[in-house]
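Survey of secondary and tertiary structure
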Amino acid sequence: MASSDAAAAQAATPLLKDELDIVIPTIRNLDFLEMWRPFFQPYHLIIVQDGDPKKTIRVPEGFDYELYNRDDINIIVQDGDPKKTIRVPEGFDYELYNRDDINRILGPRASCISFKDSACRCFGYMVSKKKYIYTIDDDCFVAKDPSGKDINALEQHIKNLLSPSTPFFFNTLYDPYRDGADFVRGYPFSLREGAPTAVSHGLWLNIPDYDAPTQLVKPLERNSRYVDAVMTIPKGTLFPMCGMNLAFDRDLIGPAMYFGLMGDGQPIGRYDDMWAGWCTKVITDHLGLGVKTGLPYIWHSKASNPFVNLKKEYNGIFWQEELIPFFQSASLPKEADTVQKCYLELAKQVRAKLGKVDGYFNKLADSMVTWIEAWDQLNPPKGAVATANGTAKSK
Ligand SMILES: O=c1ccn([C@@H]2O[C@H](COP(=O)(O)OP(=O)(O)O[C@H]3O[C@@H](CO)[C@H](O)[C@H]3O)[C@@H](O)[C@H]2O)c(=O)[nH]1
Ligand SMILES: [Mn+2]
């Protein structure tokens, strides 16, 4: 093929088409996929269905789907009651997983996957076979940039992930690897190679991701401020990671993206993404990886009920005053040279230092260990084969 044809073919093939899965937790219809079709259709979906099992999910006409073709599929993880029928827009290849599947696939280890909370989405990260994950909520629509052009959020996340981060020294002109930017005077040349990017954290126009108290005080506040910036969150700084519009490199940080024990039967909710973000940031700092935040924006279309949210968040708002100092002072030994080892070390520290805050953290520490066991069960190291009891052994 002539180089110009190859270039055209290359240009025509969406970036990372066969290396990225899209994870969507849902308790609603999937009409929103229609507006994302131009950007999402070439990619594989992982949809986690939650909520009332009898409710039929309404989907746009003209879409169809295939089930359980594992090699070339979009995996749908159905949370909530497995008896619920999910229909998904035609034209998207995906696989549907419901609670029965989670139990079947993980057996007793399914206990670490939350039920009736968007935290269940992390099962999709675990069953994916791709290098990259993009996760988006089903009430997040395509936003427009100041020129009125539709924003391809997925494309921007991919750019963020494929370019380095600068966690060790802050560049005041933000992301130096973007077109039209660079390192500013005084930026050490020895640091300009940057670090591999593990996470790309996008933002939201319209309904901002506020906690319940803020939402109650400012019910009409909408975010209309489009800031054209991507920046690396400096090493040693934590951040409140929102799972609404988030992408990450599964190979670099996947096992740290456990969204915790939330929702049904748990004393806390809406801290799933926060917990994952704090664990992730401690580990990316330790392993010399980068986390970026900023572009892309999505349009967050609806606010959830602040009173329901307050009930879910109450313990979290109180406990986080202990959790943040814990994560700020968490340190990992140099022998912890893989994400799994880092995560298991963190689980030990959670039990030792947070167990006295509330018994919940002992349960959470256990589920962190179960999560890693389940992750390794489904993602045996290259060259190893999974065995019946879920432990991998080398070939
Ligand atoms: O029991 C549930 C509830 C919701 N979902 C799906 O999860 C996402 C987020 O739900 P929703 O948009 O209603 O909630 P928000 O308050 O806007 O979401 C923020 O809170 C975080 C949840 O911890 C979330 O990531 C933030 O964006 C939707 O796709 C629901 O369909 C669910 O699966 N199970
Ligand atoms: Mn929402």
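Residues numbered from 1 in each chain as written. Chains lettered and ligands numbered in written order. Predicted model: local features only at pLDDT ≥ 70, side-chain atom pairs only at ≥ 80, totals over all residues. Heavy atoms only, no water.

As for the overall build of the protein
- Counting secondary structure elements, the protein contains 11 helices and 12 strands.
- Looking at the 395 residues of the protein, the share that counts as buried comes to 53%.
- If you take every contact in the protein between residues at least 6 apart in sequence, the share linking residues at least 24 apart comes to 76%.
- By element, 55% of the accessible surface of the protein is carried by carbon and sulfur atoms, the whole surface being about 17,500 Å². (Helix = DSSP H or I, 4+ residues; strand = E, 2+ residues; numbered from the N terminus. Buried < 20%, exposed > 50% of the residue type's maximum accessible area, 1.4 Å probe, protein only. Contact = heavy atoms within 4.5 Å. Areas by Shrake-Rupley, 256 points an atom, 1.4 Å probe, with all protein chains shown as cover.)

Some remarks on the coordination of the manganese ion (ligand 2)
- Donor atoms from the polypeptide that coordinate the manganese ion (ligand 2) comprise Asp-139 (OD) and His-300 (NE2), at 1.9 to 2.2 Å from the metal. One end of the pair, Asp-139, is in the loop between strand S5 (132-136) and strand S6 (140-141); the other, His-300, is in strand S10 (residues 290-300), with 161 residues separating them in the sequence. This pair shows no difference in class: Asp-139 is buried, exactly as His-300 is. (Donors = N, O, S within 2.8 Å, 3.2 Å for Na, K, Ca; no water.)

As for the nonpolar core
- Ile-113, Trp-275, Tyr-343, Met-368 and Trp-371 are the most contacted members of the largest nonpolar core, which has 66 residues in total.
- Those residues in contact with Ile-113 that lie beyond four places of it in its chain are Arg-99, Ile-102, Leu-106, Cys-120, Cys-122, Phe-123, Met-126 and Trp-371.
- Within the second largest apolar cluster, 28 residues are counted, among which are Phe-39, Tyr-43, Ile-47 and Leu-154. (Core = buried A, V, L, I, M, F, W, Y, C linked by side-chain atoms within 4.5 Å.)

Side note on the site of ligand 1
- Taken together, 19 residues form the shell around ligand 1, and within it Pro-25, Arg-28, Asp-50, Asp-137 and Arg-270 come nearest.
- In this structure, Ile-27 approaches ligand 1 through a main-chain N or O atom, which is 2.8 Å from an oxygen atom.
- The contact in question runs from an oxygen atom of ligand 1 to an N or O atom on the side chain of Ser-118, over 3.3 Å.
- Bound to the protein, ligand 1 loses 91% of the 660 Å² it would expose on its own. (Near = heavy atom within 4 Å. Polar contact = N/O pair within 3.5 Å; in protein donor to acceptor, adjacent residues only side chain to side chain.)

Observations concerning the UniProt feature "site: Required for activity" (unreviewed entry) in the protein
- As annotated by UniProt and renumbered to match this structure, "site: Required for activity" (unreviewed entry) occupies Arg-185 and Arg-192.
- Mapping Arg-185 onto the fold places it in the loop between helix H5 (153-162) and strand S7 (197-206).
- Of the residues examined, Arg-185 reaches a relative accessible area of 83% and is grouped as exposed.
- One can find Arg-192 in the loop between H5 and S7.
- Setting aside its immediate chain neighbours within four residues, Arg-192 contacts Tyr-177, Phe-183, Val-184 and Tyr-187. (UniProt positions renumbered as here; feature names shortened; annotations may be inferred.)

Considerations on unusual backbone geometry
- At the junction of Leu-295 and Pro-296, the peptide bond is cis and its omega measures out at 10° in the coordinates.
- Residues other than glycine seldom take positive phi values, yet Leu-16 does so here, at roughly 55°.
- Inspection of the secondary structure assignment puts Leu-16 in the loop between helix H1 (3-12) and strand S1 (20-26).
- Among the residues examined, Leu-16 registers a relative accessible area of 11% and is labelled buried.
- The phi torsion at Tyr-174 lies on the positive side, around 65°, for a residue other than glycine.
- Turning to its location among the elements, Tyr-174 is positioned in the loop between H5 and S7.

Thoughts on the pattern of salt bridges
- Enumeration over the complete set of coordinates arrives at 17 salt bridges.
- Two residues, Glu-313 and Arg-270, come together in a salt bridge whose shortest N-O distance is 2.6 Å. Highlighted residues: Glu-313 in helix H9 (residues 306-329) and Arg-270 in the loop between helix H7 (250-253) and helix H8 (272-287), separated in sequence by 43 residues.
- In this structure, the salt-bridge partner of Asp-366 is Arg-351, at a minimum N-O distance of 2.3 Å. (Salt bridge = Lys/Arg side-chain N within 4 Å of Asp/Glu carboxyl O.)

A short note on the packing of H8 against H9
- The contact between H8 and H9 brings their axes to 10 Å, and the two run at 15°. Taken together, the axis directions place H8 and H9 in an arrangement best described as roughly parallel. Considering only the axes of H8 and H9, their crossing is right-handed. The residues of H9 that touch H8, namely those facing Trp-275, Trp-278, Cys-279 and Val-282, are Gln-320, Leu-323, Ile-324 and Phe-327. (Axes fitted to C-alpha atoms, helices over the stretch in contact; angles between N-to-C directions. Parallel < 35°, antiparallel > 145°, perpendicular 65-115°, else oblique. Left-handed = near helix turned anticlockwise from the far one by under 90°.)

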